[in-house]
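# Tertiary structure, described
Below are the chains, spelled out letter by letter.
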Amino acid sequence: MSATSSGTRTFHMIEAVAERLEGAPRQLRRRWSDEFKAQVVTEALEPGASVSAIAHRIGIHPSQLFAWRRDARAEQDYRLRHSSCEGVVAPVAGSVIEIAIGKVVVRAGVDVDEAHLQRVIRAVRSA
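Throughout what follows, the structure given in this document is the object of discussion. (Residues numbered from 1 in each chain as written. Predicted model: local features only at pLDDT ≥ 70, side-chain atom pairs only at ≥ 80, totals over all residues. Heavy atoms only, no water.)

### A look at the nonpolar core
Within the largest apolar cluster, 10 residues are counted, these being Val-40, Val-41, Ala-44, Val-51, Ile-54, Ala-55, Ile-58, Ile-60, Leu-65 and Trp-68. Every element with two or more residues in this core is listed here: α1 (34-44), α2 (51-58) and α3 (62-83). When residues in this core are grouped by element, the largest group, four residues, is from α2. Discounting chain neighbours no more than four positions away, the residues touching Ala-44 are Ala-49, Val-51, Ile-54, Leu-65 and Arg-69. Grouped together as the second largest cluster of nonpolar side chains are seven residues, Ile-97, Ile-99, Ile-101 and Val-106 included. (Core = buried A, V, L, I, M, F, W, Y, C linked by side-chain atoms within 4.5 Å. Buried < 20%, exposed > 50% of the residue type's maximum accessible area, 1.4 Å probe, protein only. Helix = DSSP H or I, 4+ residues; strand = E, 2+ residues; numbered from the N terminus. Contact = heavy atoms within 4.5 Å.)

### Considering the packing of aromatic side chains
The tally for this structure, following the rule as stated, stands at two aromatic pairs. Judged by centre distance (4.9 Å) and plane angle (20 degrees), the ring pair of Trp-32 and Phe-36 falls under stacked. A residue is classified by how much of its surface remains accessible, and Trp-32, at 26% relative accessible area, is partly exposed. Pairing Trp-32 with Trp-68 gives two aromatic rings, centres 6.1 Å apart and planes at 70 degrees, and the pair type is edge-to-face. Taken together, the residues span a long stretch of sequence, with Trp-32 in the loop between β2 (9-10) and α1 and Trp-68 in helix α3 at a distance of 36 residues. Judged by its relative accessible area of 7%, Trp-68 falls in the buried class. Ring-pair connections join several aromatic residues into one group, and the members of that group are Trp-32, Phe-36 and Trp-68. (Phe/Tyr/Trp six-rings, centres within 6.5 Å; stacked < 30°, edge-to-face > 60°.)

See below:
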């Protein structure tokens with residue numbers, strides 16, 4: 001409100017305008033391919049790389065690239081943990097089998113007790 005010399009008050013109307021008109025289509029989120037994300041994350045993991053500079057160059061917020069990098073590391077850790085649990089069984093010389101669990105190879109005769117072999121495999125996986 002402001003007062004004039006004659007004692008009358010004047011009011012100024014302020015109009016608020018929405019940035020987007022109702023019913024106007026919303027901008028869809030951009031979807032990045034897994035290949036693109038992998039390429040950018042690989043670049044961001046290089047020694048001396050600036051995540052902020054890379055993010056700015058490709059037009060995303062640095063926090064998005066940090067999230068992609070975190071997700072890629074978590075996926076890699078998951079694969080490493082679970083790949084060591086999977087075994088490959090191969091017959092060797094007819095009466096012996098080899099079970100590869102990660103970098104460990106367990107050799108057992110084909111007549112070994114199954115319960116004993118399961119305990120050995122569990123011990124190797126938990127080590």
